[in-house]
Amino acid sequence: MKLTLSNAPLNDIRVDLLAIPVSPSDLTGSGSFHQLDLATNGALHQAAKLEDFNGKSGEILRVHVAGIGAQQVLLVGMGDDHLHPRNARILAARAAQAAFKCSSAAIALPSNDEDSVRAAAEGVITGAYRYTAYLTGERVPKRNLEQVFILTPNEVQKGTQALERGQIIGEAITLVRDLVNAPPNEMTPRAMAKCAEEWARRLGLEFREWDREGLQKLGMNLFLAVNRGSAEEPRLVHLHYRPQGSPSARVAFVGKGLTFDSGGLCIKPANSMADMKCDMAGAAVTIGIVVAAARLGLPVEVHGLFGATENMTGPAAYRPGDIYKSYEGKTVEIVNTDAEGRLVLADVLAYAVSQLAPDYLIDHATLTGACMVALGPWTAGLFANDDELAQRYLQAASIEGESFWRMPLDNELREMLRSDVADIKHVGERYGGAITAALFLREFVGKTKWLHLDIAGPAFLERAHGISPKGGTGFGVATAIRFLENLSQAA
Ligand code: BES
Ligand code: ZN
Ligand code: ZN
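Computed from a predicted model, the values in this text were never measured in an experiment.

Rules and cut-offs
- The residue numbering used here restarts from 1 in each chain and proceeds along that chain's sequence as written.
- Chains carry letters from A onward and ligands carry numbers from 1 onward, assigned in written order.
- Given that this is a predicted model, residues contribute local features only at a pLDDT of at least 70 and side-chain atom pairs are listed and counted only at 80 or more, while totals for whole chains, interfaces and linings are drawn from all residues.
- Water and hydrogen atoms play no part in the side-chain values, which are based on all heavy atoms of the structure.
- The pairing test for Phe, Tyr and Trp rings, Trp by its six-membered ring, is centres within 6.5 Å, and the orientation test on the planes gives stacked under 30 degrees, edge-to-face over 60, and tilted for anything in between.
- Helix and strand definitions here come from DSSP, where helices need a minimum of 4 consecutive H or I residues and strands a minimum of 2 consecutive E residues; each element is numbered from the N-terminal end.
- With a 1.4 Å probe rolled over the protein chains alone, any residue whose accessible area is under 20% of its type maximum counts as buried; one over 50% counts as exposed, and the rest are partly exposed.
- We count a charge as sitting over a ring when the NZ of a lysine or the CZ of an arginine lies within 6 Å of the ring centre and within 35 degrees of the ring normal.
- Domain delimitation in this document rests on an assignment produced automatically or drawn from a domain database.
- Only heavy atoms matter for contacts: two residues are in contact if any of them lie within 4.5 Å across the pair.
- Buried area is calculated as the accessible area (1.4 Å probe) missing from two parts once they are joined, with the contributions of both summed.
- Whenever a carboxyl oxygen of Asp or Glu lies within 4 Å of a side-chain nitrogen of Lys or Arg, that contact is scored as a salt bridge.
- Pairs of N or O atoms are called polar contacts if they sit within 3.5 Å, as long as, within protein, a hydrogen donor faces a hydrogen acceptor (for residues adjacent in sequence, only side-chain-to-side-chain pairs).
- Residues are grouped as follows: Ala, Val, Leu, Ile, Met, Phe, Trp, Tyr, Cys and Pro are nonpolar; Asp, Glu, Lys and Arg are charged; all remaining types, including Gly, are polar.

Caption draft 1: Broad picture of the packing of aromatic side chains. All chains considered together, the criterion is met by eight aromatic pairs. Geometrically, the ring pair formed by Trp 210 and Tyr 351 is edge-to-face, given 5.6 Å between the ring centres and 70° between the ring planes. Here the residue Trp 210 occupies a position in strand 7 (residues 206-210), and Tyr 351 occupies one in helix 11 (residues 341-356), the gap between them amounting to 141 residues. Note on Tyr 351: relative accessible area 5%, which makes it buried. Here Tyr 393 and Phe 404 contribute two aromatic rings whose centre-to-centre distance is 5.9 Å and whose plane-to-plane angle is 90°, an arrangement assigned as edge-to-face. Taken together, the residues Tyr 393 in helix 13 (residues 387-400) and Phe 404 in strand 15 (residues 404-406) connect sequence positions 11 residues apart. One aromatic cluster in this structure is built from Tyr 360, Tyr 393, Phe 404, Phe 475 and Phe 483. Against the face of Phe 100 rests Arg 130, its NZ or CZ located 3.5 Å from the ring centre. The ring of Trp 199 is capped by Arg 202, whose NZ or CZ atom sits 4.3 Å from the centre of that ring.

Caption draft 2: Fine view of the domain arrangement of the chain. Structurally, the chain comprises domain 1 (2-154) and domain 2 (169-490). When each unit is reduced to the centre of its C-alpha atoms, the spacing between domain 1 and domain 2 is 36 Å. With 15 residues of domain 1 at the contact, the number on the domain 2 side is 21 residues. Each partner contributes to the roughly 1,600 Å² buried at the junction of domain 1 and domain 2, and carbon and sulfur atoms together form 55% of this total. Sorting the residues of domain 1 by area buried against domain 2 places Arg 118, Tyr 129 and Tyr 131 first, and these three jointly supply 36% of that buried surface. Joining domain 1 to domain 2, the criterion identifies four salt bridges. Between Arg 118 and Glu 485 there is a salt bridge whose closest N-O contact spans 2.9 Å. Where domain 1 meets domain 2, there are eight residue pairs in polar contact (both at pLDDT 80 or more). Those elements that place two or more of their residues in the side of domain 1 that touches domain 2 are helix 3 (85-98) and helix 4 (114-127). When the residues that make up the side of domain 1 that touches domain 2 are grouped by side-chain class, the tally is six nonpolar, three polar and six charged.

Written out as structure tokens, the structure is:
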């Protein structure tokens, strides 16, 4: 698929499908809607009326037209704040979805800003995404879309660069989706490490990995405890992107990489286990972030670490009541083997703190069902031990159209983690489950400025929502990259 930036007039562009944003006020005679309506003898107005299209966000209408260069016009409802870059992303993603069978499409952006161009390019790539790796014969969908024009009213400063950047981010998002959607019998810890290694080779990143023996030498006994019931070897992976020149900041990302979470001996009921291939989404996002940061050449040093293992019920499986000594030194009493993610993260976070001493430490994890109970399926929980870091992250998220909500690291709840027999136990009570999970992690990050992002909801969807597809979404990549870019500008 080829993306091209252009200022061609909307009436002339010769494509199979031309997508335009429509706000409720446009229907009374303004914007590209009005312009194209005149050129098509009122066809757009008529269609909108017949189909009860009002320009509200979420509405979409495809109209076959004559009198302009395009064969069809796609009206994409934008609601009232249509100039925000996140609406350029929605417009572009809708266009790419609708144009799957077309050979060419154009997307009419209402403004000339860099961020909108970039968001549109990202939207085209993610909108055209389908997971097809395991389909054969007739089931393989044939995408015809080859040419996509991103149209702006006037020339955009650094437009070409913005286009390329959007593409890179879009591709990182689809990479994450592919990893998350892959079946757990194929996407094993070793396969995840292999994927990271291949990207490292392609992009000239430093790559290190540890197997079971290596983890034993490091003393990552919490991580190893989770792996005990699995026939698959675990992997700790460390990707390292070093920019040219001296970095403006050093950031370490850590991901939960449970390639399958059966719950272990505290086994999950079948319904809750069904989608647990998604439990490595934090690790996948971590790979996506490092890959995108490197391809963009950001002036920030970025580390990506993930702990990959299954949580299974084999004969050596860890048990409730077991006590293990963590990498950091604290002993931990195991309460519920289904709360495995925080154990893996605890050791990897402590490793990042002691070995890398980053300016910022950020973990992504499909950590708790409780976070989904609190925030619903489309919003991630954000926990931070530093207010400024939290604010910066939330601001980056709002530009990118990803939904995070800050949750409290409530000290009151810390007593729920008190153990009679070890330094700490790893699960509190049912109420406040997302918070006590975060409080457990906090024990392992010391004084490092740290963000914990519980992405259990938005990383993987049961059904499509907005422009996010069913299954793996790639949630988290866009915000992380924006955050890193802002860091380098502030410095
Ligand atoms: N991987 C799950 C959390 C999860 C749930 C992710 C739904 C995505 C969708 C995690 O390991 C888990 O099982 N958490 C338990 C913790 C409990 C045992 C304290 C949970 O949330 O129920
Ligand atoms: Zn679990
Ligand atoms: Zn899990």
